[in-house]
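Understanding the architecture of this molecule
Each chain, letter by letter, is given below.
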Amino acid sequence: MRNVTAIARREFQGYFNSLIAYVFLVIYLLLTSWLFFRVFFLNGQASMRLMFDIMPWVYLFFVPAITMRLWAEEKKVGTMELLMTLPVRDVEAVLGKFLAALGLLVLALALTFPIPLIVSLLGNLDFGPVAGGYLAAILLGAAYLAVGVFVSSLTQNQIVAFILGVVIVFALYMIGSDIVLYSVPTAVASVFEYVSLGTHFESIGRGVIDSRDLIYYLSIIGFFLYLNVRSIESRKWR
Amino acid sequence: MIEVCNITKRFGPTVAVRNVNFSVPKGEVLGLLGPNGAGKTTTMRILTCYMPADEGTATVAGYDVHTDSLEVRKRIGYLPENAPLYKEMFPLAYLDFLSRVRGIPTSQRKARVERVVETCGLTGVLHKRIGEMSKGYQQRVGLAQTLIHEPEVLILDEPTTGLDPNQIKEIRTIIREIGREKTVILSTHILPEVQATCNRVIIMRNAELVADGSPQELSRRATGTALLVVEARGPADEIRQGLAALDGVKSVTVAGAEDSFSRLELAVTDGKAVAERVFAAAVRAGWTLRELKAESASLEQVFYELTIGEKEEQ
Ligand SMILES: Nc1ncnc2c1ncn2[C@@H]1O[C@H](COP(=O)(O)OP(=O)(O)O)[C@@H](O)[C@H]1O
Ligand SMILES: [Mg+2]
């Protein structure tokens, strides 16, 4: 645990060291508020649904952008050798990096909090669905992050990690969409629907927190973190 | 302190390390010498648990690198080749991170960091990011990083490569200082390095260990010979034949002639005894001796013979 926090701390500070964090936070907040208020003032409903609806699409690009460097950079610069010869278990290093990225994501989400506050001043906002929305956003974001960190461990090239991250996350999200579900056999469709990141996001976003959705997200996160540990270990048998 | 037993490591068809055996007692500074591609880095990576050997075992402080990897890593300070570092960090933050991962109690962290900063002479560059420092200072940060947890064993992969002569001198001084208390393995492909810092040398070539001994022993073992340089005036052929006939002279080479003096190099078994016989022979035959000097073959010659020399024969 000590190692996990030490690594998470270093990576989290690393975001701020290299200005990535500031750029990320500013663009994220501007984009989210703009996309939200543009429509909000048009239809004038005191609801946050819209902000959460666009989140999977905003994350599609933001999450791989914050995870792409986590392993790729270490591999490229050679610090991987330093890290892996410290008395740190592979799984601790993976968790540390994942938590650092999650920290940045949660910070970004926390900074959007003025948006529901403004909305509640303008109209009558029900905070129940808002809380559900935030929880869903964290879970969805964490699942994207787990994919992104894993993908970063496959390459030395950050751009490759970014593109691969976007593609995999997009695929995982889209296999639950109606277009895909109608065009595959029913048996496959039900699997797709379950595996899809999108399906579960919608149900939590509606404010219903079902333990099945929670378990789903935790297993996706666990699965990709596990793959990540394996891919880090692969240096040993190559 | 370190035992390496029949280690072999392959990368696909390439054998990077083949059947290597050596051990390093506590307190020794061992030089791992060999040309590029000899397998030095791979050997060190196995010892530091970065990658496992395909065959053989290695232990550090009694712990197996494969089965007790965490215990081994706790006891080693490792500086990989080219000193990879987190370039965007400041040295204090970096050392603080390491002291956390190394499990140094909060109360001692500051003092430890200050101590390695002093040992490695980093005080003047604390305001710079690691990536903004000169190569020499980056290397010092790399060394500081290996020392933070006061490890029993230091493994340094080519610690002076890429530095200018002054920086090399400084780094060597630090290494010698550290080497007084710790067991150190340092690799290099340049000879003077081992002569300057090591008590013992092992030489690797083409994945194999080809020599093991103190720098002096290796020189002596060169071909089991010392070199005797003789300059004498007299009939050149007579001198050459006369010297070749002496007891203990293995071969005579004519190295030149200069104002009626012949310069000859004798490969001999025992420099001092043969020198005496050469002197006696010169007196008997009436040659004038101008120079008579025993040289042990330099480590450079040994290295050349063991590495490049043999390669050309193949
Ligand atoms: N990760 C690797 N993958 C494939 N081949 C490698 C790898 N590391 C080293 N080698 C090969 O193993 C041999 C020994 O390399 P190395 O241990 O780096 O030598 P040295 O450090 O003495 O220069 C070289 O032929 C090198 O090409
Ligand atoms: Mg090397």
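Residues numbered from 1 in each chain as written. Chains lettered and ligands numbered in written order. Predicted model: local features only at pLDDT ≥ 70, side-chain atom pairs only at ≥ 80, totals over all residues. Heavy atoms only, no water.

Moving on, we come to the overall build of chain B. Helix and strand content of chain B: 11 helices and 14 strands. Intrachain contacts of chain B at a sequence separation of at least 6 include 69% that bridge at least 24 residues. For chain B, the exposed area adds up to about 14200 Å²; of that, 48% sits on carbon and sulfur atoms. Positive and negative charge centroids in chain B, built from 39 and 41 side chains respectively, lie 5 Å apart. (Helix = DSSP H or I, 4+ residues; strand = E, 2+ residues; numbered from the N terminus. Contact = heavy atoms within 4.5 Å. Areas by Shrake-Rupley, 256 points an atom, 1.4 Å probe, with all protein chains shown as cover. Lys, Arg positive; Asp, Glu negative; His and termini not counted. Charge placed at Lys NZ, Arg CZ, Asp CG, Glu CD.)

This part covers the environment of A:Leu35. All names here are of chain A. Residue position: Leu-35 is located in helix H2 (residues 20-43). Overall, Leu-35 belongs to the partly exposed group, its relative accessible area being 21%. Through-space distance from the C-alpha of Leu-35 to that of Met-51 is 7.8 Å; in sequence the pair is 16 residues apart. The contact partners of Leu-35, leaving out residues within four places of it in the chain, are Leu-50, Ile-54 and Val-58. (Buried < 20%, exposed > 50% of the residue type's maximum accessible area, 1.4 Å probe, protein only.)

Attention now moves to the site of ligand 1. All names here are of chain B. All residues in the neighbourhood of ligand 1 are listed as Phe-11, Thr-14, Ala-16, Pro-35, Asn-36, Gly-37, Ala-38, Gly-39, Lys-40, Thr-41 and Thr-42. For ligand 1, an oxygen atom lies 2.6 Å from a polar atom in the backbone of Gly-37. With the chains in place, 65% of the 560 Å² that ligand 1 exposes on its own is no longer accessible. Those elements that provide at least two residues to the shell around ligand 1 are strand S2 (14-24) and helix H1 (40-47). The dominant element in the shell around ligand 1, judged by the number of residues it contributes, is H1, at three residues. Tallied by class, the residues present in the shell around ligand 1 amount to four nonpolar, six polar and one charged. (Near = heavy atom within 4 Å. Polar contact = N/O pair within 3.5 Å; in protein donor to acceptor, adjacent residues only side chain to side chain. Nonpolar A, V, L, I, M, F, W, Y, C, P; charged D, E, K, R; others polar.)

Residue and element names in this part refer to chain B. Relative to the assigned elements, Lys-9 resides in strand S1 (residues 2-11). On the accessibility criterion, Lys-9 (1% relative accessible area) is buried. Only 3.0 Å separates the side chain of Lys-9 from the backbone oxygen of Pro-52, close enough to count as a polar contact.

Turning our attention to the coordination of the magnesium ion (ligand 2). Residues and elements named next belong to chain B. Within the protein, the magnesium ion (ligand 2) binds to Thr-41 (OG1) and Glu-81 (OE); these donor distances fall in the range 2.0 to 2.6 Å. Of this pair, Thr-41 sits in helix H1 while Glu-81 sits in the loop between strand S6 (76-79) and helix H3 (91-101); the two residues are 40 residues apart in sequence, bridging distant segments of the chain. Judged by relative accessible area, which is 30%, Glu-81 ranks as partly exposed. (Donors = N, O, S within 2.8 Å, 3.2 Å for Na, K, Ca; no water.)

Looking now at the pattern of salt bridges. Under the criterion given, the structure shown has 31 salt bridges over all chains. When the shortest N-O distance is used, the salt bridge between A:Glu81 and B:Arg45 registers 2.8 Å. Here A:Glu81, found in helix H5 (residues 79-84), pairs with B:Arg45, found in helix H1, and the two come from separate chains. Its relative accessible area of 7% is what places A:Glu81 among the buried residues. (Salt bridge = Lys/Arg side-chain N within 4 Å of Asp/Glu carboxyl O.)

So, on to the layout of surface pockets. If you roll a probe as big as a water molecule over the atoms, it shows you where there is empty space left. Residues and elements named next belong to chain B. Here the second largest pocket is characterised by a volume of approximately 280 Å³. What lines the second largest pocket is simply Arg-112, Arg-115, Val-116, Thr-119, Leu-147, Glu-150, Glu-177, Ile-178, Glu-181 and Lys-182. Within the residue set of the lining of the second largest pocket, elements represented by two or more residues are helix H4 (106-119) and helix H6 (165-179). Broken down by class, the residue content of the lining of the second largest pocket amounts to three nonpolar, one polar and six charged. (1 Å grid on protein atoms, 1.4 Å probe; cavity = no way out; pocket = protein on both sides within 12 Å on 5 of 7 lines; lining within 4 Å. Points joined across faces, edges and corners; volume = space filled by probe spheres on them.)

A common way to state how big an interface is: give the accessible area lost once the parts meet. Each assigned domain of chain B is listed with its residue range as follows: domain 1 (2-220) and domain 2 (226-296). Here the C-alpha centre of domain 2 of chain B lies 46 Å away from the C-alpha centre of domain 1 of chain B. (Domains from an automatic or database assignment.)

Applying the stated criterion across every chain yields a total of one cavity of 30 Å³ or more. Computed from the structure, the largest cavity encloses a volume of approximately 50 Å³. Lining of the largest cavity is provided by A:Leu82, A:Leu83, A:Leu86, B:Tyr86, B:Tyr94, B:Phe97, B:Leu98 and B:Gln145. For the lining of the largest cavity, the leading source of residues is H3(B), giving three residues. Looking at side-chain class alone, the lining of the largest cavity contains seven nonpolar, one polar and no charged residues.

Before going further, it helps to examine the interface of chain B and chain A. Between chain B and chain A, the residue contacts involve 28 residues of the former and 25 residues of the latter. At the boundary of chain B with chain A, total buried surface from both sides reaches about 2600 Å², with 59% on carbon and sulfur atoms. On the chain B side of the interface with chain A, the three residues burying the most area are B:Tyr50, B:Tyr86 and B:Val101, jointly 26% of the side's total. A salt bridge links A:Arg10 to B:Glu88, with the shortest nitrogen-to-oxygen separation between them at 3.9 Å. Our count for the contact surface shared by chain B and chain A stands at nine residue pairs in polar contact (both at pLDDT 80 or more). Those elements that provide at least two residues to the side of chain B that touches chain A are S1, helix H2 (69-75) and H3 of chain B. When grouped by side-chain class, the residues that make up the side of chain B that touches chain A number 16 nonpolar, three polar and nine charged. (Buried area = accessible area lost by both parts, 1.4 Å probe.)

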